Amino acid sequence: MINGSMKPAKAMTIRLSAEQAEALETVATVEDRPVTEVIRAAISAHIENRRKDPDFRDSLKNRIQRAQRLLK
């Protein structure tokens, strides 16, 4: 939630190799969860890992600083 309101969901399309698709479907089946739920959980975990990564944070700060200089 942002500012007390939820943003609408955004549909996205991804392409997986046959092996990735099969592995994903197997994981979802074993965990008795929908494939989309497994994907969303994996994306959330990846984003959280990036947020905790000092190198990523430094790169993000540098990108923001470059953008701010461009706007001046």
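Above this text sits the structure in question.
About the thresholds
Residues numbered from 1 in each chain as written. Predicted model: local features only at pLDDT ≥ 70, side-chain atom pairs only at ≥ 80, totals over all residues. Heavy atoms only, no water. Patch = residues over 30% accessible without salt bridge, like charges linked within 9 Å, V, L, I, M, F, W, Y side chains within 5 Å. Areas by Shrake-Rupley, 256 points an atom, 1.4 Å probe, with all protein chains shown as cover. Salt bridge = Lys/Arg side-chain N within 4 Å of Asp/Glu carboxyl O. Helix = DSSP H or I, 4+ residues; strand = E, 2+ residues; numbered from the N terminus. Buried < 20%, exposed > 50% of the residue type's maximum accessible area, 1.4 Å probe, protein only.

Asker: So what about a nonpolar patch on the surface? Which residues, and what values?
Answerer: Taken together, the side chains of Phe56, Leu60 and Ile64 present a nonpolar region at the surface, about 250 Å² in accessible area. Examined against the element boundaries, Ile64 turns out to sit in helix α3 (residues 54–71). Ile64 sits in the partly exposed class, given a relative accessible area of 42%.

Asker: Pulling in residues and values, what's your account of the pattern of salt bridges?
Answerer: Counted under the stated rule, the structure contains four salt bridges. Across the pair Glu48 and Arg51 runs a salt bridge, and its minimum N-O distance is 3.6 Å. Here Arg51 and Glu48 lie together in helix α2 (residues 35–52), a separation of three residues that amounts to about one turn. A relative accessible area of 32% means that Glu48 is categorised as partly exposed. Arg50 is paired through a salt bridge with Asp53; the nearest N and O atoms lie 2.8 Å apart.

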